[in-house]
Amino acid sequence: MPGLAGDDSRDIPATVREHPRVFATLTAPSFGPVHNRPDHGTCRCGSTHPTDDPALGTALDPATYDYAAAVLFNNHAGELWQRFTNRLRRELAARAGLSQRALADVLRLSYGKVAEFQKRGAIHFHAVIRLDGADGPDSPPPSWATTSALTDAIRAASHHSYTSVSAPAAADQPARTFRWGTQLDIRPVKAFGDGSDVTEQAVAAYVVKYATKAAETTGTLDRRIGELAELDRHGVPDHARRLIRACWDLDALYPERKLWAWAHMLGFRGHFSSKSRRYSTTLGALRQTRADYRAAQERGALGLDDREPDTVLVLADWQYAGHGHTPGESALAATIARDLQLNREIAREALQDLVLEGAAA
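Residues numbered from 1 in each chain as written. Predicted model: local features only at pLDDT ≥ 70, side-chain atom pairs only at ≥ 80, totals over all residues. Heavy atoms only, no water.

Novice: I'm lost on unusual backbone geometry in this one. Help?
Specialist: Among all residues except glycine, the phi angle is most often negative; among peptide bonds, the trans geometry is most common. Located in the positive-phi region is Lys258, a residue other than glycine, with phi close to 55 degrees. Its identity as a non-glycine residue notwithstanding, Leu266 has a phi of 55 degrees, on the positive side. Mapping Leu266 onto the fold places it in the loop between α6 (238-251) and β8 (273-275). Taking relative accessible area as the criterion, Leu266 reaches 0% and is therefore assigned buried. (Helix = DSSP H or I, 4+ residues; strand = E, 2+ residues; numbered from the N terminus. Buried < 20%, exposed > 50% of the residue type's maximum accessible area, 1.4 Å probe, protein only.)

Next comes the structure, spelled out in structure tokens:
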């Protein structure tokens, strides 16, 4: 994400580098013990796992691991972030002795964040959080808005009771309240390193690392899943398979959460990167820049660079390519696909029962 590390991207003044900035990591809570590589000693299983051990991140005891809570947390992570930023503004206002309305007249909270899937399939958020003046990056923040004040406000906001999201009880599922995990890392970002804080270059490297760790690192698929049988065909490992199955099992209990539609993302339904409006240049502007660049490449490849700018190209050959579903047709198609999938599973279970009965006879 341009501007995520240095904050001096297009349309952003270089003076923004002097504004208070931190690189914060908000983690998921525990859903049960998993195989890991602790800094000291061995894993709880008694082994010392190599870095490429596929067991890393998987449950020590799958029978007691809360797979349902894991996918529901992922599914609510975006709302949890929103509540965190809302509370963070309140914490900053309280430290300044201002109301939230008065705070907006002197300070603006800006951020850019990326989501990371850990081996255990839980979402973490890594964000550069910055304090600007009321007019955004072009204006300096008030003197009381320091890096220390920002750090204290983040800690308070992340642990406040307001920063939580609840999922109601449904059938055999209990009511759950989700909060950030206890592990919270906050480090000041400096334009030039002094050996104690992370630099812009280090943050940029972290962002690239996190951005390339998609859900597939957990063993899930990189596209939407049509039926559970696909897990067998593609050899999805057990831990990811259980998380995906949890999405399937919970989908009917929480239909508004669309868990099965996002099962390939282990329930997570957000973007891997997002930012506040005034953090840096807009994503729309970046997309337009990429589109213009690709168009220039195509013009060069087709030998169209020599044409006058106002030249109108007339396409005389048109072919009908078809049309997509209407919203009603899409809903009907999804229902039919789900029924077919359910029928196949029922048929397989019935066939298995017949085989078992025949063996018993």
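Novice: In this structure, what is going on with the sheet that holds strand β7 (residues 198-199)? I would like to understand it.
Specialist: Note on sheets: strands pair through backbone hydrogen bonds, and any given pair is parallel or antiparallel. Strand order in this open sheet of 6 strands is β7-β6-β1-β3-β2-β8, and the pairing throughout is mixed. One side of each edge strand has no neighbouring strand; the edge strands of this open sheet are β7 and β8. Note that strand β2 (residues 108-117) and strand β3 (residues 123-132) share 10 bridges and pair antiparallel. If you follow Lys113 over to β3, its bridge partner there is Ala127. (Pairing = 2+ DSSP bridges.)

Novice: Would you mind going over the nonpolar core with me for this structure?
Specialist: Nonpolar side chains tend toward joint burial in soluble globular proteins. Of all hydrophobic cores here, the largest spans 65 residues; its most connected members are Phe84, Leu88 and Ile129. Looking at this core, the elements that each hand over two or more residues are β1 (21-26), α1 (67-96), β2, β3, α3 (147-159), β4 (165-167), β6 (184-190) and α6. Considering every element that reaches this core, the biggest residue donor is α1, with 14 residues. If we skip the residues at most four places from it in the chain, Ile129 touches Pro20, Arg21, Val22, Ala24, Phe84, Leu88, Leu109, Ser110, Tyr111, Leu150 and Ile154. In this structure, Phe23, Val128, Val189 and Val203 belong to the second largest nonpolar core, which totals 5 residues. (Core = buried A, V, L, I, M, F, W, Y, C linked by side-chain atoms within 4.5 Å. Contact = heavy atoms within 4.5 Å.)

Novice: Honestly, the state of the cysteines in this entry has me stumped. Any pointers?
Specialist: Note: disulfide means a covalent bond formed between the sulfur atoms of two cysteine side chains. Within the structure shown, the criterion is met by 0 disulfides. The structure places no disulfide on Cys45, whose sulfur is separated from the nearest cysteine sulfur, that of Cys43, by 3.6 Å. On the basis of relative accessible area, Cys45 is assigned to the partly exposed category, the value being 35%. (Disulfide = S-S within 2.5 Å.)

Novice: Can you help me understand the packing of α1 against α3 in this one?
Specialist: Each pair of packed helices can be described by the angle between their axes along with the distance between the axes. With their axes 8 Å apart at the nearest point, α1 and α3 run at an angle of 130 degrees to one another. In terms of axis orientation, α1 runs oblique to α3. Relative to α3, the crossing made by α1 is right-handed. Judged by residue contacts, Phe84, Arg87, Leu88, Glu91, Leu92 and Arg95 of α1 engage Ala149, Leu150, Asp152, Ala153, Ile154, Ala156, Ala157 and Ser158 from α3. A class-by-class count of the residues in the contact of α1 with α3 yields 9 nonpolar, 1 polar and 4 charged. (Axes fitted to C-alpha atoms, helices over the stretch in contact; angles between N-to-C directions. Parallel < 35°, antiparallel > 145°, perpendicular 65-115°, else oblique. Left-handed = near helix turned anticlockwise from the far one by under 90°. Nonpolar A, V, L, I, M, F, W, Y, C, P; charged D, E, K, R; others polar.)

Keep in mind that these numbers describe shape and distance, not what the molecule does.
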